[in-house]
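This is what each chain is made of:
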Amino acid sequence: MSDARLTLVLACGERGVCHLIEPGTPAGDLPGLVELYFAPATMASGPLRARIDGAEIELDPRLPIGDQVAPDAEILFPAV
């Protein structure tokens, strides 16, 4: 991936937003970066997933998000 910011679609249940993310950000940090977009009671603990080419993959929370997904990826947060 490039060093440019990634534009990601972040979804929790039926809500979704677009957000710019530094590619070096660990995937596990994403919920804290976007918690203002989603009511805390709607986000469950659990692994983040990404939808890529119609399939869902589990993201490694320790690895940079830019190493795991392409720009414009859809990141799925677990919903309550």
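Please read all numbers here as calculations on a predicted model, not as lab measurements.

Asks: Residues and numbers for the overall build of the chain, please.
Replies: From N to C terminus, the chain includes 1 helix and 5 strands. When the elements of the chain are put in sequence order from the N terminus, they spell out β-β-α-β-β-β. Here the C-alpha atoms of the chain give a radius of gyration of 11 Å, agreeing with the 12 Å that 2.2 N^0.38 yields for 80 residues. Across its three principal axes, the chain shows a C-alpha extent of roughly 35 × 25 × 20 Å. For the chain, buried positions account for 32% of its 80 residues. Partitioning the intrachain contacts of the chain with sequence separation of at least 6 by distance along the chain shows that 59% fall at a separation of at least 24. For the chain, the exposed surface amounts to about 4,800 Å²; the carbon and sulfur share of it is 54%.

Asks: Give a detailed account of the pattern of salt bridges, specifying residues and quantitative values.
Replies: According to the stated counting rule, one finds 6 salt bridges in the structure shown. One salt bridge connects Arg 5 with Glu 22, and the closest N-O pair in it is separated by 2.6 Å. Highlighted residues: Arg 5 in the segment before β1 (6-12) and Glu 22 in the loop between β2 (15-21) and α1 (30-34), separated in sequence by 17 residues. Classification of Glu 22 by relative accessible area gives partly exposed; the value is 39%. Two residues, Arg 51 and Glu 56, come together in a salt bridge whose shortest N-O distance is 3.3 Å. Among the residues examined, Arg 51 registers a relative accessible area of 36% and is labelled partly exposed. Residue Glu 56 is classed as partly exposed on the basis of its relative accessible area of 38%.

The rules behind each value
- Residues numbered from 1 in each chain as written.
- Predicted model: local features only at pLDDT ≥ 70, side-chain atom pairs only at ≥ 80, totals over all residues.
- Heavy atoms only, no water.
- Helix = DSSP H or I, 4+ residues; strand = E, 2+ residues; numbered from the N terminus.
- Rg over C-alpha atoms; globule rule 2.2 N^0.38 Å.
- Buried < 20%, exposed > 50% of the residue type's maximum accessible area, 1.4 Å probe, protein only.
- Contact = heavy atoms within 4.5 Å.
- Areas by Shrake-Rupley, 256 points an atom, 1.4 Å probe, with all protein chains shown as cover.
- Salt bridge = Lys/Arg side-chain N within 4 Å of Asp/Glu carboxyl O.

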